[in-house]
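Coordinates in review
Now for the letters of each chain:
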Amino acid sequence: MPTIRVTLAILLLGTSVAISQEKTIVIESWREDDLPVWQDKIIPAFEARNAGTKVVFSPTDGETYDTQVAARLAAGKAGDLIACRPFDASLDLFNKGYLAPLNDLTGIEKFSTFARSAWSTDDGKTTFCVPIASVIQGFIYNADAFEKLGIQAPATEEEFFAALEKFKADGTYVPLAMGTKDGWEAGILGYQNIGPAYWKGEEGRRALIAGMQKLTDPKWAEPLATLARWRDYLGTDFDKRSYADSQRLFASGRAAIYPAGSWEISGFQAQARFTLGAFPPPVPKPSDPCYISDQPDIGIGLNAKSANVEAARTFLAWVASPEFAALYADALPGFFGLIQTPKAIDQPLAAQFASWRSRCKSTLRSTDAVLSRGTPDLAGETRLKATAVVNGAETPQEAATELQNGLDSWYRPGR
């Protein structure tokens, strides 16, 4: 009996030690829609290779995520891993000491300087989030409607507006499914979509930051004028149409073209009962090069005060691996891996978007780095002014002047 008791005690002790060594790491994120993907695919794949570590994906409403996660970090109550917005929002968290530097993380070298730029300090010397994915902007269209009216996917703005005119004259479809009720679509899906072809992508963006160009210059004001022309093709009551309304309008087959980001692919693929196609932003002139907004969308960083640093870093090293990149790309078509050796894309519409990288020049959204650190922030103001232009409440030149005046009120290049 004493031998049995000793043996049982040893077994119980071993079980107790195993339980005490098990770690649970919590991931904070704004991507509520991704919860099933993380729970059913990503987390099980990690846990199968890392016995003793449990992972919990804990999303917060996207509208309040930034405020809530910052408050939890400040109070020492945030999760171990923090989903990172690109550029200034995450840079602010790092500068406050909430995110740990990751320069020495295994696998971080697999990402290009361009990929890391959204989650690095201004001098590029410190990276504080592992890049996960970017999204590409362009246009998704109803290929059946195009075939019915004998229209080819447009490559130039002249062809784009000619297609819109045909759809308007036919009357079967709303030519362009976008609304302005929510106040951001015209800025992101419109201005930041077509604008890079005017300001020459990274060349113009960097010149604006350096103070060598102004928002009143033709290359920055002209896309607002082009955007104003969209008004005639948005259908009735477009100013009362929300983002969700526009999605439903297009998915139902009642609209011809949807100004989009690749993040829409999975939703439309599941809902649409017609053939989907995609084309990149049309160029102003046939001789102009093509540009796409290839925007880093999400990364993941380490809470500097995590109680499970070793386990969290193990997870981050796995996020930096080709295995994770392939898993993520398959689970979420339209979110393109930023690792330098990405997996081939199987989903046809996502593959169309990705193919533009080989024939168009990639650029970042013009307002998201540096230029939105003051008040008024340029990103928010651009969304408001683009909306006003589409609604006809302001002229393109008035909007451009107000944008530049707002930037001049606080921004001094080089300081």
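Residues numbered from 1 in each chain as written. Predicted model: local features only at pLDDT ≥ 70, side-chain atom pairs only at ≥ 80, totals over all residues. Heavy atoms only, no water.

1. Re the packing of helix 17 (residues 378-391) against helix 18 (residues 396-408)
Two numbers describe how helix 17 lies on helix 18: the axes approach to 9 Å, and their chain directions differ by 165°. The angle between the axes of helix 17 and helix 18 places the two elements in the roughly antiparallel class. Crossing handedness for the pair helix 17 and helix 18: right-handed. Seen from helix 17, the contacting residues are Leu378, Glu381, Thr382, Lys385 and Val389; seen from helix 18, they are Pro396, Ala399, Glu402, Leu403 and Leu407. Tallied by class, the residues present in the contact of helix 17 with helix 18 amount to six nonpolar, one polar and three charged. (Axes fitted to C-alpha atoms, helices over the stretch in contact; angles between N-to-C directions. Helix = DSSP H or I, 4+ residues; strand = E, 2+ residues; numbered from the N terminus. Parallel < 35°, antiparallel > 145°, perpendicular 65-115°, else oblique. Left-handed = near helix turned anticlockwise from the far one by under 90°. Contact = heavy atoms within 4.5 Å. Nonpolar A, V, L, I, M, F, W, Y, C, P; charged D, E, K, R; others polar.)

2. Points about the environment of Asp61
The residue Asp61 is located in the loop between strand 2 (53-59) and helix 3 (65-75) in this model. Taking the relative accessible area as the measure of exposure, Asp61 reaches 34% and is therefore partly exposed. Once the C-alpha coordinates of Asp61 and Trp30 are considered, the two residues, 31 residues apart in sequence, prove to be 5.7 Å apart. (Buried < 20%, exposed > 50% of the residue type's maximum accessible area, 1.4 Å probe, protein only.)

3. Looking at the confidence of the model for the protein
For the protein, the mean per-residue pLDDT works out to 93, and 94% of the residues sit at or above 70. Confidence drops under pLDDT 50 across residues 1-20; counting only partners more than four residues distant or on other chains, this segment forms zero contacts. (pLDDT = per-residue confidence, 0-100.)

4. Points about the pairing of strand 7 (residues 276-279)
Side chains Leu276 and Ala278 of strand 7 all project onto a buried face; the interleaved residues Gly277 and Phe279 project onto the opposite face, where all are buried too. In the sheet, strand 4 (residues 129-142) pairs with strand 7 via four bridges, with the strands oriented antiparallel. When the sheet's bridge partners are listed, Ile140 is paired in strand 7 with Ala278. (Pairing = 2+ DSSP bridges.)

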